[in-house]
Amino acid sequence: MDKQAIAQMKINVAKAALQYIPQNQIIGVGTGSTVNYFIEELAAIKNNIAGAVASSIETENRLKKLQIPIVALNDVDELAVYIDGADAFNSLRQLVKGGGGALTREKIIANASSKFICIVDANKKADVLGKFPIAVEVIPMARSFVARQLVKLGGQPQYRQDFVTDNGNIILDVFGWHITQPIELENKINQIPGVVCNGIFAMRGADKILIGSTEAVIEF
Ligand code: 5RP
């Protein structure tokens, strides 16, 4: 599929997400190219929202350019809605995220939100998760240890070169998993000392997925 068609799918789904933005509330905003289109759309209704909690420095900068007030998660009890993309989703609305490396803040905000609306293009549908590698954010000094434990779990970890997360950590991208039990694997990875977070969003998946094609948006 050509780049222009994929961009159109992302624009369509970004526009559709606007109808889920409640009036005068603080919203959570994710990270990635689909969310970047959503932030552009947000410009039109920016006076209707009280502010935003950003899942990355990149998103924060984009929101600031629109003069949308940035709010720290520590200053909010619960967010009404979180809008974010994904690298893959399955029929249970479980997700793989972290292609952009913002997974830890994304997972925190998703869990702090009453509603998580995931915006994706139709190419992200997966029968079984694992084809898109699972990002694991790791404390730098634990990199080799964690990599060995991930191999024991059947994965093939690859160090993401020249990348440091907003939290000062590294990312291991794990290939080769055919994930039939996403919740179990999410838990197992979390239990490895040195792991900060992993990109399986199964315990807290999406509440709704908006799937964009070049012509339409489907709610799932
Ligand atoms: C960033 C993410 C993104 O949501 C995910 O990578 C999807 O990105 P895009 O919208 O560019 O396809 O999890 O950490």
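All values derive from a computational prediction rather than experimental measurement.

Colleague: Any chance you could break down the pairing of strand β12 (residues 208-212) for me, citing the residues and the numbers?
Modeller: Across the five residues that make up β12, a large majority, four, are buried. The pairing of strand β6 (residues 113-121) with β12 spans five bridges and is parallel. Opposite Cys-118, over in β12, you have Ile-209 as the bridge partner. Hairpin connection, β12 to strand β13 (residues 217-219): the antiparallel pair is bridged by four residues.

Colleague: I'd like a description of the site of the ligand, backed by residues and values.
Modeller: Around the ligand, the surrounding shell holds 17 residues, and the nearest of these are Ser-33, Thr-34, Asp-87, Gly-98 and Lys-124. One of the side-chain N or O atoms of Lys-10 is found 3.5 Å from an oxygen atom in the ligand. Lys-124 has a polar side-chain atom sitting 2.7 Å from an oxygen atom of the ligand. Summarising the interface, the protein chains cover 91% of the accessible area of the ligand, which totals 370 Å² for the free molecule. Class assignment for the residues of the shell around the ligand results in two nonpolar, nine polar and six charged.

Colleague: Quick one: what's the story with the side chain of Glu-106, residue by residue and with numbers?
Modeller: Mapped onto the elements of the fold, Glu-106 is located in helix α4 (residues 103-111). Within the local environment of Glu-106, its side chain forms a polar contact with the side chain of Lys-97, the two groups lying 3.1 Å apart. Ignoring anything within four residues of it in the chain, the contact list for Glu-106 reads Thr-31, Ser-55, Tyr-82, Asp-84, Lys-97, Gly-98 and Phe-201.

Colleague: Mind laying out the environment of Lys-208, listing which residues take part and the relevant values?
Modeller: By the element assignment, Lys-208 lies in strand β12. Residues Lys-208 and Asn-48, spaced 160 residues apart in sequence, show a C-alpha to C-alpha distance of 22 Å. Of note is the side chain of Lys-208, whose polar atom sits 3.2 Å from the side chain of Glu-219.

Colleague: Residue-level account of the sheet that holds strand β8 (residues 156-159), with values.
Modeller: Pairing within the open sheet is antiparallel, and its four strands lie in the order β8-β9-β7-β10. Each of the sheet's edge strands pairs with one partner strand only, and the pair in question is β8 and β10 (195-198). Ignoring strand direction, the axes of neighbouring strands in this sheet form an average angle of 30 degrees. Inspection of the sheet shows strand β7 (residues 134-138) paired to β10 by three bridges, in the antiparallel sense. Bridge assignment links Val-136 to a residue of β10, and that residue is Asn-198. Packed onto the sheet, helix α5 (residues 143-152) meets β7, β8, β9 (170-175) and β10 and runs at close to 15 degrees relative to β9. Contacts from helix α6 (residues 182-190) reach β7 and β10, with the element oriented near 160 degrees to β10.

Basis of the calculations
Counting restarts for each chain, with residues numbered from 1 along the sequence as it is written. pLDDT decides what is reported in this predicted model: residues at 70 or higher carry local features, side-chain atom pairs at 80 or more are listed and counted, and totals for whole chains, interfaces and linings draw on all residues regardless. Processing note: side-chain calculations cover all non-hydrogen atoms of the structure and skip hydrogens and water entirely. Exposure classes here rest on a 1.4 Å probe applied to the protein chains alone. A residue is buried below 20% of its type maximum, exposed above 50%, and partly exposed in between. By definition, any uninterrupted DSSP run of H or I lasting at least four residues is a helix, any uninterrupted run of E lasting at least two residues is a strand, and each is numbered from the N terminus. Two strands are counted as paired when DSSP detects at least two bridges linking them. The near set for a molecule or strand comprises every residue that places at least one heavy atom within 4 Å of it. Two N or O atoms count as a polar contact when they lie within 3.5 Å, although within protein this holds only if one can serve as hydrogen donor and the other as acceptor, and sequence-adjacent residues are included solely when both atoms are side-chain atoms. Per-residue and other accessible areas follow the Shrake-Rupley method at a 1.4 Å probe size, with only the shown protein chains counted as cover for residues. All residues other than Ala, Val, Leu, Ile, Met, Phe, Trp, Tyr, Cys, Pro, Asp, Glu, Lys and Arg, Gly among them, are scored as polar; the first ten of these are nonpolar and the last four charged. What makes two residues a contact is simply this: any of their non-hydrogen atoms within 4.5 Å. Each axis is a line fitted through C-alpha atoms, and for a helix only the stretch in contact is used; angles between axes span 0 to 180 degrees, taken between their N-to-C directions.

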